[in-house]
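Now for the letters of each chain:
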Amino acid sequence: ALNSGWLGACKALTAIAPVDGFVGTAILHHVHTNMDSVLRQLHDYLPVGGKLVFIAPNVYNPACCLIHYLPALRNWRRLDPAERAFSKRFIEKKLKAAGFGEIRVDFKDFLVPFIPLSLVKPVVFIGDIVEGLPLLKMLSQSIFISAAKT
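No experiment lies behind these values; they were computed from the predicted model shown. (Residues numbered from 1 in each chain as written. Predicted model: local features only at pLDDT ≥ 70, side-chain atom pairs only at ≥ 80, totals over all residues. Heavy atoms only, no water.)

**Side note on the overall build of the protein chain**
- Secondary structure assignment for the protein chain yields 6 helices and 4 strands.
- Order of helices (α) and strands (β) in the protein chain, N terminus to C terminus: α-β-α-β-α-α-α-β-α-β.
- Relative to the compact-globule value of 15 Å for 150 residues, the protein chain shows a C-alpha radius of gyration of 16 Å, a close match.
- Pairs at least 24 residues apart make up 77% of the contacts formed inside the protein chain by residues separated by at least 6 positions.
- Per element, the accessible surface of the protein chain, about 8800 Å² overall, is 64% carbon and sulfur.
- Within the protein chain, the 11 negative side-chain charges are centred at a point lying 4 Å from the centre of the 17 positive side-chain charges. (Helix = DSSP H or I, 4+ residues; strand = E, 2+ residues; numbered from the N terminus. Rg over C-alpha atoms; globule rule 2.2 N^0.38 Å. Contact = heavy atoms within 4.5 Å. Areas by Shrake-Rupley, 256 points an atom, 1.4 Å probe, with all protein chains shown as cover. Lys, Arg positive; Asp, Glu negative; His and termini not counted. Charge placed at Lys NZ, Arg CZ, Asp CG, Glu CD.)

What follows is the structure in structure tokens.
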């Protein structure tokens, strides 16, 4: 349902007027099982130079990995069968195969959902530091994805 509704909205939008890009938060992991098709369609909807910018769950984050790949936690969170966190390498390959260039995928954001308000500022402060550390940054909550139709 998400695929047809979301992509249908993208197609309808581009039929009304040209778009420069698509931006989304927590969308791509819902279309994991048919990512190739989704990315090709988005590529088709964009003009040359058009951009994609997405934020997605990072499979290397322990919480994301457990929630997305452990059946008991998948059931508890009521995840859709097609919903999966993925890696930087996975999305880079998929974007390249769909014809995108200028691909950039960065590890960002250690602020997890449901964190107590009193901990938000300390977590953001510490997260900013950890994002600068080569191996530890791979444990971030999210991956920030950008690419362009070249």
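Moving on from the coordinates now.
**Observations regarding the packing of aromatic side chains**
- Overall, the coordinates contain 2 aromatic pairs when judged by the stated rule.
- Geometrically, the ring pair formed by Y60 and F107 is tilted, given 6.4 Å between the ring centres and 45° between the ring planes. Of the two residues, Y60 sits in the loop between β2 (51-57) and α3 (62-69) while F107 sits in strand β3 (residues 100-108), which places them 47 residues apart along the sequence.
- Classification of Y60 as partly exposed rests on a relative accessible area of 38%.
- On the basis of relative accessible area, F107 is assigned to the buried category, the value being 9%.
- Between the aromatic rings of F86 and F90, the centroid separation amounts to 5.4 Å while the plane-to-plane angle is 40°, which identifies the pairing as tilted.
- For F86, a relative accessible area of 2% corresponds to the buried category.
- Its end group placed over the ring of W76, R77 keeps NZ or CZ at 5.8 Å from the ring centre. (Phe/Tyr/Trp six-rings, centres within 6.5 Å; stacked < 30°, edge-to-face > 60°. Buried < 20%, exposed > 50% of the residue type's maximum accessible area, 1.4 Å probe, protein only. Lys NZ or Arg CZ within 6 Å of the ring centre and 35° of its normal.)

**Points about the sheet that holds β3**
- Here 4 strands make up an open sheet; going across it, the order is β1-β2-β4-β3 and the pairing mixed. Of all the strands in the sheet, just β1 (21-25) and β3 have a single pairing partner and so form its edges. Averaged over all pairs of adjacent strands, the angle between strand axes in this sheet comes to 15°, irrespective of strand direction.
- Relative to strand β4 (residues 142-149), β3 runs antiparallel, the two being bridged by 7 bridges. From the neighbouring strand, R104 faces β4, where its bridge partner is S146.
- In the packing of helix α5 (residues 88-97) onto the sheet, the strands contacted are β2, β3 and β4, and the crossing angle to β3 comes to about 165°. (Pairing = 2+ DSSP bridges. Axes fitted to C-alpha atoms, helices over the stretch in contact; angles between N-to-C directions.)

**Section: the nonpolar core**
- L52, I91 and I145 are the most contacted members of the largest nonpolar core, which has 24 residues in total.
- Secondary-structure elements contributing two or more residues to this core are α2 (35-45), β2, α5, β3 and β4.
- Broken down by element, this core gets its largest block of residues, 5 residues, from α2.
- Excluding residues within four positions of it along the chain, I145 makes contact with L28, L52, V53, F54, A56, F86, I91, L95, R104 and V105. (Core = buried A, V, L, I, M, F, W, Y, C linked by side-chain atoms within 4.5 Å.)

Without other data, these values stay purely geometric and don't point to any function.
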